[in-house]
Amino acid sequence: MSEQAKSEEAGDGFIRANGWLALAIGSIALMVLGAWLGEPGKIFEKATAICLQCIGIG
Amino acid sequence: MSERRTLAQAVSTVLTNGYIKGFVTGNIYTGPLKHVCVPTLNCYSCPGALFACPVGAAQVILAGGGGFDPTAPQTIWTKLSGILSGTPVFVIGFLTLLAAFVGRASCGWACPFGLVQDLVYRIPVPFKKRGGGPNILYYLKYLMLLVMVVLMPLLVVDRFGFSEPFFCKLVCPAGTLEGGVLLPLLQPDLRGMLGRLFAWKTFLLLTFLALMTIFKRPFCNWACPLGAWLGPFNQVSLYRLKIDRERCCNCGLCTRACPSGLDVENELDSADCIRCLECVNVCPRTAILVKGPGFRKTRSDAVRPGPAEERTDPRAAPDSARPGHLP
């Protein structure tokens, strides 16, 4: 295996090994941003009324 | 394992639909828990639903027109905040956080509609298939996510700039089963409002129910937008599956056990894997391992059967010596 192939494989391994951490941090940031923008309130508003579309009426 | 997973799915179904009063009165739960989504497809119009559905919630945010006001002074900040408030960042963050740890495990262990599919598949029919159906259909769920959940709520708008949750309205059989069937039964007023759309959704639900008797999890594999979002994270999640090629004897037990109908040896970290771990538990050679904190990474401490033992009894290794085996 060439040096370049080895280094590419190592890079891929690094992403596969640590990608979850980057995702987790990014996800938490998105959740904080969403909460700050009042998204749970919008979800609550919709989820506490009968969704006519879900039933097949709306 | 199968029984244990069924139990976990049943417990999750009961916990997420634990508003008993709703099943009696026909009035849905309106308490504070509905601020929160569950990582499964569970209609928030089910009389017992205690939490919000992430797919429905995402569409509602996208369909709401956001906070973008074309008449307001257009600074970068107003544009950005307008776009952000019309994007379901909280839902995306929540689902991605879960997927970063366990990939699509919520589909395998917690989804009420997944439980329905697993149970219906047990009904004996003469033309049952072992797999999950034609491969091309597996891509349909990505189209469903892009078109029905994202593009249509964004682009098909009324004159006030508002749209609808089109996946819920036109497709979602979980909504029909949990909300569409139960609520009109409990609320006579709603029965008079049922029309062509309800007939279409009922037809779709019955079609999926019929397909569930033949194929393994047809809705998850072909049409679930939630699975389409969570699936690709299987490749990078903290807990993953790993196969020891040297140890694998190609017996095919794992493929037969897979509820997603995958060719497990070749599709171990596939986006269609629901992380049910059936393959790990049926493997007679302990060739499939769970990789992640809390699970042993190597089998150096495992009792490895000798060549003669392997030929005569592939289950020679005791459970205690099976790394990756659930405690």
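None of these values were measured; they are calculated from a predicted model.

### Describing the domain arrangement of chain B
Residues and elements named next belong to chain B.
Thought 1: Domain boundaries assigned for chain B yield domain 1 (55-230) and domain 2 (240-321).
Thought 2: Counting residues at the interface gives 18 residues for domain 1, matched by nine residues for domain 2.
Thought 3: Going through the elements one at a time, α6 (105-109) and α14 (218-222) are the ones with two or more residues in the side of domain 1 that touches domain 2.
Thought 4: Ranked by residues supplied to the side of domain 1 that touches domain 2, first place goes to α6 with four residues.
Thought 5: Residues belonging to the side of domain 1 that touches domain 2 are distributed by class as follows: seven nonpolar, six polar and five charged.

### With respect to the packing of helix α7 (residues 112-121) of chain B against helix α13 (residues 196-214) of chain B
All names here are of chain B.
Thought 1: Contact geometry of α7 with α13 gives a least axis separation of 7 Å together with a crossing angle of 55 degrees. Classified by the angle their axes make, α7 and α13 are oblique. In this structure, the crossing between α7 and α13 has a hand that is right-handed. Of the residues in α13, those in contact with Gln 117, Val 120 and Tyr 121 of α7 are Leu 209, Met 212 and Thr 213.
Thought 2: Taken together, the residues of the contact of α7 with α13 break down into four nonpolar, two polar and no charged.

### Some remarks on unusual backbone geometry
Across the chain, the bulk of peptide bonds are trans and the bulk of non-glycine residues have phi less than zero.
Residue and element names in this part refer to chain B.
Thought 1: With a phi angle near 55 degrees, Asn 250 is a residue other than glycine that sits in the positive phi range.
Thought 2: Considering the arrangement of structural elements, one finds Asn 250 in the loop between β1 (240-243) and α16 (253-257).
Thought 3: Residue class for Asn 250 comes out exposed when judged on the 10 C-beta atoms lying within 10 Å of it.
Thought 4: One non-glycine residue, Thr 286, lies in positive phi territory at about 50 degrees.
Thought 5: Relative to the elements of secondary structure, Thr 286 occurs in the loop between α17 (278-282) and β2 (288-291).
Thought 6: A tally of 24 C-beta atoms within 10 Å means that Thr 286 is categorised as buried.

### What about the nonpolar core?
One recurring pattern in soluble globular proteins is that nonpolar side chains are buried together.
All names here are of chain B.
Thought 1: Among the nonpolar cores identified, the biggest contains 92 residues, and Cys 37, Ala 49, Ala 57 and Phe 167 are the most heavily contacted of them.
Thought 2: In terms of residue count, helix α5 (residues 89-102) provides more of this core than any other element does, 10 residues in total.
Thought 3: Mapped onto the domain boundaries, this core takes at least three residues apiece from domain 1 (55-230) and domain 2 (240-321).
Thought 4: Here Phe 167 is in contact with Val 55, Gln 59, Met 144, Met 148, Val 149, Cys 172 and Pro 225, once residues within four sequence places are set aside.

### Concerning the interface of chain B and chain A
A common way to express how large an interface is: the accessible area buried when the components associate.
Thought 1: Every contact between the two is made by 48 residues of chain B and, on the other side, 30 residues of chain A.
Thought 2: For the side of chain B that touches chain A, the element with the most residues is α5 of chain B, which contributes nine residues.
Thought 3: Per-class residue counts for the side of chain B that touches chain A are 30 nonpolar, 14 polar and four charged.

### Some thoughts on helix α1 (residues 2-16) of chain B
All names here are of chain B.
Thought 1: Between its terminal C-alpha atoms α1 stretches 21 Å, which fits the 21 Å expected from 15 residues at 1.5 Å a residue.
Thought 2: The complete set of buried residues in α1 reads Arg 5, Gln 9, Ser 12, Thr 13 and Thr 16. Buried positions in α1, seen along its axis, are confined to an arc of 100 degrees and lie on one side of it. Of the exposed residues in α1, the ones pointing more than 90 degrees away from its buried face are Glu 3, Arg 4, Leu 7, Val 11, Val 14 and Leu 15.
Thought 3: Buried-residue contacts for α1 involve α6 and α7.

Cut-offs applied
Residues numbered from 1 in each chain as written. Chains lettered and ligands numbered in written order. Predicted model: local features only at pLDDT ≥ 70, side-chain atom pairs only at ≥ 80, totals over all residues. Domains from an automatic or database assignment. Contact = placed C-beta atoms within 7 Å. Helix = DSSP H or I, 4+ residues; strand = E, 2+ residues; numbered from the N terminus. Nonpolar A, V, L, I, M, F, W, Y, C, P; charged D, E, K, R; others polar. Axes fitted to C-alpha atoms, helices over the stretch in contact; angles between N-to-C directions. Parallel < 35°, antiparallel > 145°, perpendicular 65-115°, else oblique. Left-handed = near helix turned anticlockwise from the far one by under 90°. Buried ≥ 20, exposed ≤ 12 C-beta atoms within 10 Å, placed from the backbone. Core = buried A, V, L, I, M, F, W, Y, C linked by C-beta atoms within 7 Å. Expected span 1.5 Å × (residues − 1). Arc of directions from axis to C-beta.

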